[in-house]
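As a plain string of letters, each chain reads:
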Amino acid sequence: MQESTGSAKRLHRTSMQARVAGELREMIISGELQPGAGLSEMALSETFGVSRTPIREALKQLQIEGLVEVRPRVGTFVAEPSRREITELFQMKELLEGAAARLLALRGRVPEVDRLEDTMRQADEAVHAGDADRYAELVHEFHELIVIGADNSKLDAHYRTLMNQLAYTRLVRTSLMQPGRLSESDHEHHRVLDLILAKDGDGAERVMREHVRRSHQAVMAGLDDSKRG
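Here goes a summary of the coordinates provided.

## Some points on the pairing of strand S1 (residues 68–71)
For S1 and strand S2 (residues 75–78), the ladder comprises 4 bridges, and the chain directions are antiparallel. Bridge pairing in S2 places Val70 opposite Thr76. Here S1 hands over to S2 after 3 residues, with Arg73 in that stretch at a positive phi of 65°.

This is the structure:
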């Protein structure tokens, strides 16, 4: 009886830790928690209505994922990637998404392709309306569908870890602040989709990699602008 009670308590702690880690992860990736923001165990304990133990374990997990930085005798903070780290992450993003676009193109007319076409219709509407926030959501959806459509679990796993570290949703908004980037990005997505529809694996990979490089350039320019501002 005592053993089963102990097991139940451990499962409960594990589920609380997973919930806290999941919600904090989303808050960091979305930009709700900004890079460099302090993370107090006591404050988070009150926010989530749990003890400090699952908070501490969740923060350890996010530290392993590269989303949280622990500074000894100072505190715990949302990780703030350096320019070099952002560049390295984008280089990996280029490789993974280029490979994903190739794999998807070679699969032919799978359900993800239909969903990509629908996403692009919505993206065109967002661009026409000048709705950068909605377009940013659709950018995430577009890239997600290409990775899912590649149907490669190893690629997918590495991609998700990478995207968490990159906090990509926030960086997309930074890139879209650049003049003309909204329509440029949409045009680049259309080129990728056209090559996927044509089952041109080489072309899809090449153009996807070019698109990621341009996104990286726009992100860095946006970060420079924010520092000057």
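## A few points about the pattern of salt bridges
Pairs can form between side chains of opposite charge whenever their charged atoms are close. All told, the structure shown has 24 salt bridges when counted by the stated rule. A salt bridge links Arg19 to Glu23, with the shortest nitrogen-to-oxygen separation between them at 3.5 Å. Of the two residues, Arg19 and Glu23 are both situated in helix H1 (residues 2–30); the distance of 4 residues between them amounts to about one turn of the helix. Arg107 is the salt-bridge partner of Asp151, the closest N and O atoms lying 4.0 Å from each other. A residue pair is termed long-range when its members are at least 10 positions apart, and Asp151 in the loop between helix H6 (132–150) and helix H7 (153–166) and Arg107 in helix H4 (residues 83–107) qualify at 44 residues. What you see here is one network of salt bridges that share partners, running through Glu41, Arg52 and Arg56.

## Focus on the nonpolar core
If you look at the biggest cluster of nonpolar residues, it comprises 44 residues, and the most contacted ones within it are Leu116, Tyr135, Ile146 and Ile196. Contributions of two or more residues to this core are made by H4, helix H5 (111–129), H6, H7, helix H8 (168–176), helix H9 (181–197) and helix H10 (201–228). If one sorts the elements of this core by residue count, H6 sits on top with 9 residues. With residues up to four places along the chain from it excluded, the contact list for Leu116 reads Leu104, Phe142, Leu145, Ile146, Leu193 and Ile196.

So, how was this worked out
- Residues numbered from 1 in each chain as written.
- Predicted model: local features only at pLDDT ≥ 70, side-chain atom pairs only at ≥ 80, totals over all residues.
- Heavy atoms only, no water.
- Pairing = 2+ DSSP bridges.
- Helix = DSSP H or I, 4+ residues; strand = E, 2+ residues; numbered from the N terminus.
- Salt bridge = Lys/Arg side-chain N within 4 Å of Asp/Glu carboxyl O.
- Core = buried A, V, L, I, M, F, W, Y, C linked by side-chain atoms within 4.5 Å.
- Buried < 20%, exposed > 50% of the residue type's maximum accessible area, 1.4 Å probe, protein only.
- Contact = heavy atoms within 4.5 Å.

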